[in-house]
Amino acid sequence: MINAYIKGTGSYAPKNVVKNDFFESVGSSDKWIYENLGIKERRISTGETTSDLAYQAGLIAIQDAGLQVEDIDLIIIATATPDRLAPSCACFVQEKLKASNAVAFDISAVCSGALFATATAVQYIKSGMYKNVLVIGADTFSTITDWNRRDAVFFGDGAGALVLSHTTQDKGFQDFILKTDGTGKEHFTIPAGGSEKPTSNDTLSSGEHYFKMNGSQVYKTAIDVVPKCIDEILSKNNCSIDQIKYLLPHQPSIRILQEVARRVGLPFEKVKTNMDRYANTSGGTIPIILDETLKENTFETGDLLLFAAVGAGWTWGTALYKW
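Because the structure is predicted, anything quoted here is derived from the model rather than measured. (Residues numbered from 1 in each chain as written. Predicted model: local features only at pLDDT ≥ 70, side-chain atom pairs only at ≥ 80, totals over all residues. Heavy atoms only, no water.)

A few points about the overall build of the protein
Moving on, step 1. Summing up its helical and strand segments, the protein has 9 helices and 13 strands in all.
Moving on, step 2. Seen through its C-alpha atoms, the protein measures out along the principal axes to roughly 55 × 45 × 35 Å.
Moving on, step 3. Looking at the 323 residues of the protein, the share that counts as buried comes to 57%.
Moving on, step 4. Across the protein, contacts joining residues at least 24 apart in sequence account for 76% of those joining residues at least 6 apart.
Moving on, step 5. Surface summary for the protein: the accessible area is close to 13700 Å², and the carbon and sulfur share equals 48%.
Moving on, step 6. When the 31 positive and 37 negative side-chain charges of the protein are each reduced to one mean point, those points stand 3 Å apart. (Helix = DSSP H or I, 4+ residues; strand = E, 2+ residues; numbered from the N terminus. Buried < 20%, exposed > 50% of the residue type's maximum accessible area, 1.4 Å probe, protein only. Contact = heavy atoms within 4.5 Å. Areas by Shrake-Rupley, 256 points an atom, 1.4 Å probe, with all protein chains shown as cover. Lys, Arg positive; Asp, Glu negative; His and termini not counted. Charge placed at Lys NZ, Arg CZ, Asp CG, Glu CD.)

Here we look at the nonpolar core
Moving on, step 1. Ranked by size, the top nonpolar core spans 49 residues in total, and within it I230 and I244 carry the most contacts.
Moving on, step 2. Where this core is concerned, the elements lending two or more residues are α1 (30–37), α6 (215–236), β11 (244–249), α7 (254–264), β12 (304–311) and β13 (315–322).
Moving on, step 3. A per-element tally of this core places α6 first, with 9 residues.
Moving on, step 4. Core analysis: the next-biggest nonpolar cluster, separate from the first, contains 34 residues, I76, V133, I289 and A319 among them. (Core = buried A, V, L, I, M, F, W, Y, C linked by side-chain atoms within 4.5 Å.)

Remarks on α6
The α-helix advances 3.6 residues per turn, and as a result positions three or four apart in sequence lie on the same side.
Moving on, step 1. Here α6 contains 22 residues, and its C-alpha end-to-end distance of 31 Å stays within 8% of the 32 Å for a straight helix at 1.5 Å per residue.
Moving on, step 2. For α6, the full list of buried residues reads V218, T221, A222, I223, V225, V226, P227, C229, I230, I233 and L234.
Moving on, step 3. Buried-residue contacts for α6 involve β8 (172–180), β10 (212–213), β11, α7, β12 and β13.
Moving on, step 4. Of the residues trailing α6, N238 is marked for its positive phi of about 50 degrees. (Expected span 1.5 Å × (residues − 1).)

What about the packing of α6 against α7?
Moving on, step 1. Running from N to C, α6 and α7 point in directions that differ by 35 degrees, and their axes come no closer than 9 Å. Considering the relative orientation of α6 and α7, their crossing is right-handed. Listed contacts from α7 to Y219, A222, I223, D224, V226, P227, I230 and D231 of α6 are R255, I256, E259, V260, R263 and V264.
Moving on, step 2. When its residues are assigned to classes, the contact of α6 with α7 shows 9 nonpolar, no polar and 5 charged. (Axes fitted to C-alpha atoms, helices over the stretch in contact; angles between N-to-C directions. Left-handed = near helix turned anticlockwise from the far one by under 90°. Nonpolar A, V, L, I, M, F, W, Y, C, P; charged D, E, K, R; others polar.)

A short note on the sheet that holds strand β5 (residues 103–107)
Moving on, step 1. Spatial ordering of the open sheet is given by β1-β7-β6-β4-β5, a layout of 5 strands whose pairing is mixed. Two strands close off the open sheet at either side, each with one partner strand: β1 (3–12) and β5. Direction aside, neighbouring strands of the sheet carry axes that sit 20 degrees apart on average.
Moving on, step 2. Where β1 and strand β7 (residues 157–167) come together, 9 bridges link them in antiparallel fashion. Following the sheet pairing, A4 is matched in β7 by H166. (Pairing = 2+ DSSP bridges.)

A short note on the pattern of salt bridges
Moving on, step 1. Following the criterion strictly, the structure yields 15 salt bridges and no others.
Moving on, step 2. Note that K179 and E232 form a salt bridge whose closest N and O atoms lie 3.5 Å from each other. Residue K179 is found in strand β8, and its partner E232 is found in helix α6; the two are separated by 53 residues along the sequence.
Moving on, step 3. A relative accessible area of 29% places K179 in the partly exposed class.
Moving on, step 4. Close ionic contact of R263 with E259 constitutes a salt bridge, the shortest N to O distance being 2.8 Å. Placement of the pair is R263 and E259 together in helix α7, with a separation of 4 residues, close to one helical turn. (Salt bridge = Lys/Arg side-chain N within 4 Å of Asp/Glu carboxyl O.)

Concerning the packing of aromatic side chains
Moving on, step 1. Applying the stated rule across the entire model yields 17 aromatic pairs.
Moving on, step 2. A connected cluster of aromatic rings, assembled from ring pairs, spans F173, F176, Y246, F299, F307, Y321 and W323. (Phe/Tyr/Trp six-rings, centres within 6.5 Å; stacked < 30°, edge-to-face > 60°.)

Quick word on α1
Moving on, step 1. Among the residues making up α1, those that are buried are I33, N36 and L37. In an axial view of α1, the angular spread of the buried residues amounts to 90 degrees, which keeps them on one side of the axis.
Moving on, step 2. Packing partners of the buried residues in α1 comprise β3 (41–43), α7 and α8 (275–278).
Moving on, step 3. Two residues or fewer past α1, G38 is found with a positive phi of approximately 80 degrees. (Arc of directions from axis to C-beta.)

Some words on the environment of L59
Moving on, step 1. Checked against the element boundaries, L59 lands in helix α2 (residues 50–64).
Moving on, step 2. With 103 residues separating them along the chain, L59 and L162 place their C-alpha atoms 10.0 Å apart.

Looking at the sheet that holds β8
Moving on, step 1. The sheet built from 4 strands is open, its strands ordered β8-β13-β12-β11 with mixed pairing. Where the open sheet ends on each side, the last strands, each with one partner, are β8 and β11. Across this sheet, the average inter-strand angle for adjacent strands is 15 degrees, counted without regard to direction.
Moving on, step 2. Across 8 bridges, the pairing between β12 and β13 is antiparallel. Residue pairing in the sheet places L304 in a bridge with K322 of β13.
Moving on, step 3. Helix-sheet contacts for helix α4 (residues 113–126) involve β8, β12 and β13, and the interaxial angle to β8 is about 130 degrees.

Following this line, the structure appears as structure tokens:
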């Protein structure tokens, strides 16, 4: 049986650091942001596009995998902030990498995007259609943030990448559970700029090209659906939470992750976080924390990793990975 495993990882974030005291002008504070969200600082682009960040992370991942750019068969970019509405961000990245052998396309699931993209890549590999797939989660939420609102504190810019390759060994991705509930579409959205509400002077003046978020509903949904999804994948694979080495989650807020861990019975020291340094990089969160975790820890054969995310839509899911 062919399976897909993580052959290489990489991550990249802009050099520009914005600390919490920047947001005192909009009525927030370092104390409130850190206690409630777990954020101390975030990286904000000063001109680098989403494809620039994705290119850098992707190149590092390819090198980490010991491959050449020519070895990549497919590039999937998970992003909610592409360089342009058309063509796809993946086309920009393919050109910058000079990956002429690779098919390339985007997936849009916002904060769940990297998990959905990874699940898609795994199916291509398991089917035998492609052998080496580059998955990149990348976002520049600074470009859709109203810096005069308090919710500007949540997001940062960054990209993470993983190279998935084929294997016949007993390792790699064991299972995915992905879910969607479109009735949640209004709780995190960018109202204008699409076919429903095309760009106009009115949409520009009213700030409808910035993200709008119902923070309390995001919290309530996340702490409900993510633990249930984790319990489901563990039960489906006859696995207990005690067998999990680490949970590598999307980085929505420290309080969400603490409550998710409590509900599934996972000690919080097994939950990997980096939102103190990056904030929420949306599509970049899981691959960035994956890259950092794999390069800072030693794993033994058979170790189990758990991935989890929740994003706009609603979209959410989990994945089980065997080292």
